[in-house]
Amino acid sequence: MSDKTEGLIRAVYRKWKKSHFREADAHPDEETFACFLEGRLSTEESECLKAHLAVCDDCAGIYALSLNAEAAELEEVPRELLDKARAALSLKDKPSALEAFLRLKENILEIIKANGDILLGQELVPAALLRSREIKDFKDEVIILKDFQDIRLEVKIENKGGKYFNVMLQAKHKQAPYILKDLRVTLIKDDLELESYLSDTGMVSFEHILLGKYRLEITSLENRLASVILDVKA
Ligand SMILES: [Zn+2]
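What counts, and at which threshold
- Residues numbered from 1 in each chain as written.
- Predicted model: local features only at pLDDT ≥ 70, side-chain atom pairs only at ≥ 80, totals over all residues.
- Helix = DSSP H or I, 4+ residues; strand = E, 2+ residues; numbered from the N terminus.
- Buried ≥ 20, exposed ≤ 12 C-beta atoms within 10 Å, placed from the backbone.
- Contact = placed C-beta atoms within 7 Å.
- Pairing = 2+ DSSP bridges.
- Axes fitted to C-alpha atoms, helices over the stretch in contact; angles between N-to-C directions.
- Core = buried A, V, L, I, M, F, W, Y, C linked by C-beta atoms within 7 Å.
- Domains from an automatic or database assignment.

Draft legend 1. Representation of the overall build of the protein chain. Of regular secondary structure, the protein chain possesses 6 helices and 13 strands. Counting all 234 residues of the protein chain, 30% fall into the buried class. The long-range fraction of contacts in the protein chain, counting pairs at least 24 apart against all pairs at least 6 apart in sequence, stands at 54%.

Take a look at the structure:
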């Protein structure tokens, strides 16, 4: 990338961050963006960023502008430019990942951002509503639901004293409550497989996970079903 282009991207980033971002934590920072555009991120990080671009119009806007420098002066990026940019990343389709940014305190679990629906006791709070209602503090566990093509994924995250967390993942068929057999879930960090389990009950859990950024790959008999990106901070 030329210095001129990089300077432009950084300037656009700063301008947009000021006017568009409310929850700064959940968006990739300027450095990550620059590295992504230069192809210097790991596969893991780059997958995370792509998943974020699929659901965040603000960040997709920055990406769109990086592809189309003439538009850099615009206040809002036109929808067609966003669509084009996502198409360039093959993100036209629905988001392929459940993405959740969380923060653990002693006995509180806070959702910074999630693109799935939240199960609040008996009540299902849609992702869109979660944002406007600003519900973010939970006792010590939270259940996030997300539908992918044929499956419904239920991810339960438990806070373990603010230092560790547990993840319980359940996959069902969307139409009928059939349990998915031969379900494999792999926990990945920095492109390294940490744990991988095959389940006949549609349910897999990982315990005592240290804070950090993870990807869970969900497959069924060699077919990739979905990914879950979890970024859990203190
Ligand atoms: Zn964003």
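Draft legend 2. Seen up close, the sheet that holds strand E11 (residues 203–210). In space, the 6 strands of this open sheet follow the order E4-E3-E6-E7-E8-E11, with antiparallel pairing throughout. Of all strands in the sheet, those with a lone pairing partner are strand E4 (123–125) and E11, marking the two edges. Geometrically, the sheet is characterised by an average inter-axis angle of 25 degrees between neighbouring strands, direction not taken into account.

Draft legend 3. Region of interest: the environment of Leu67. Examined against the element boundaries, Leu67 turns out to sit in helix H4 (residues 57–67). Each C-alpha atom, one on Leu67 and one on Leu81, is 9.3 Å from the other, the two residues being 14 residues apart in sequence.

Draft legend 4. Summary view of the pairing of strand E6 (residues 141–147). Pairing of strand E3 (residues 117–120) with E6, which is carried by 3 bridges, proceeds in the antiparallel orientation. What sits directly across from Leu119, in E6, is Ile143. Pairing of E6 with strand E7 (residues 151–160) involves 7 bridges; the strand directions are antiparallel. Its bridge partner being in E7, Ile144 is matched across the sheet by Val155. What sits between the antiparallel neighbours E6 and E7 is a turn of 3 residues.

Draft legend 5. Seen up close, the nonpolar core. Counting residues in each nonpolar core, the largest one holds 52 residues, and the members touching the most others are Leu98, Ala100, Leu102, Ile144, Val155, Leu169 and Val228. Split by domain, the residues of this core number at least three in each of domain 1 (3–88) and domain 2 (97–233). When sequence neighbours within four positions are dropped, the list of residues in contact with Ile144 reads Leu98, Ala100, Ala114, Gly116, Ile118 and Val155.

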